[in-house]
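# Per-entry structural report
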Amino acid sequence: MIRLRLFGRCRIYHDPVSPVLKSPAQVGWDAWFRSIDLVTPQKLKGEELLRRTRGWWTVEPDEIADVVKRYGRLVVGDNGELMVEFEDRKAADNLSKALSEKFGDQILLSS
């Protein structure tokens, strides 16, 4: 397996940026007639983390996900970074080419 980080151009500064999950999302509960003290940490999945780039990147995340799914799988790395996981180097090269053709220099892969 090969994993590469996914970066997009920042809408404001135009430099490559990538989201990093710093801590799991915490889901709690409210009820009408009782108090619930349960809070469950939930890790975001790769596509969910990509969706959080809406408004930050110059390209819509759904468009990126459609291209990525043809060549690899969006995952969250061990340190919370947004990554694409590939079966082999050829798939990684093909995705890099497809991203470049569709988005120019707006979406990038990096090791």
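Here we summarise the structure given alongside this text. (Residues numbered from 1 in each chain as written. Predicted model: local features only at pLDDT ≥ 70, side-chain atom pairs only at ≥ 80, totals over all residues. Heavy atoms only, no water.)

Let us look at the environment of R5. Within the element layout of this structure, R5 appears in strand β1 (residues 2–9). Taking the C-alpha atoms as reference, R5 lies 5.6 Å from L109; in sequence the two are 104 residues apart. Aside from chain neighbours lying at most four places away, what touches R5 is S18, P19, V20, E81, L82, M83, L108, L109 and S110. (Helix = DSSP H or I, 4+ residues; strand = E, 2+ residues; numbered from the N terminus. Contact = heavy atoms within 4.5 Å.)

Judged by side-chain polarity, V27, W29 and L38 come together as a nonpolar surface patch covering roughly 290 Å² of accessible area. Its place among the elements puts V27 in strand β3 (residues 25–28). Under the relative-accessibility criterion, V27 is labelled partly exposed at 33%. (Patch = residues over 30% accessible without salt bridge, like charges linked within 9 Å, V, L, I, M, F, W, Y side chains within 5 Å. Areas by Shrake-Rupley, 256 points an atom, 1.4 Å probe, with all protein chains shown as cover. Salt bridge = Lys/Arg side-chain N within 4 Å of Asp/Glu carboxyl O. Buried < 20%, exposed > 50% of the residue type's maximum accessible area, 1.4 Å probe, protein only.)

Bringing the packing of helix α2 (residues 61–68) against helix α3 (residues 89–103) into the picture now. Helix packing geometry: the angle between the two helix axes and the distance between the axes. Their axes nearest at 10 Å, the elements α2 and α3 cross at an angle of 145°. As α2 runs across α3, the sense of the crossing is right-handed. Residues E63, I64, V67 and V68 of α2 lie in contact with α3, whose contacting residues are L95, A98, L99, K102 and F103. Taken together, the residues that form the contact of α2 with α3 break down as seven nonpolar, no polar and two charged. (Axes fitted to C-alpha atoms, helices over the stretch in contact; angles between N-to-C directions. Left-handed = near helix turned anticlockwise from the far one by under 90°. Nonpolar A, V, L, I, M, F, W, Y, C, P; charged D, E, K, R; others polar.)

Applying the stated criterion to the full structure yields one aromatic pair. Both rings, one in W32 and one in F33, keep their centres 6.1 Å apart while their planes meet at 90°; by these two values the pair is edge-to-face. For the pair formed by W32 and F33, the shared burial category is exposed. (Phe/Tyr/Trp six-rings, centres within 6.5 Å; stacked < 30°, edge-to-face > 60°.)

This next bit is on the nonpolar core. Judged by nonpolar contacts, the single largest core of 23 residues is most densely connected at L6, L50, I64, L74 and I107. Listed by contribution, the elements that provide at least two residues to this core are β1, α1 (46–51), α2, β6 (82–86) and α3. Ranked by the residues each element gives to this core, the list is headed by α3, at six residues. Ignoring any residue separated from it by four or fewer positions in sequence, one finds L6 in contact with S18, L50, W57, I64, L74, L82, M83, V84, L99, I107, L108 and L109. (Core = buried A, V, L, I, M, F, W, Y, C linked by side-chain atoms within 4.5 Å.)

By themselves these figures say nothing about function.
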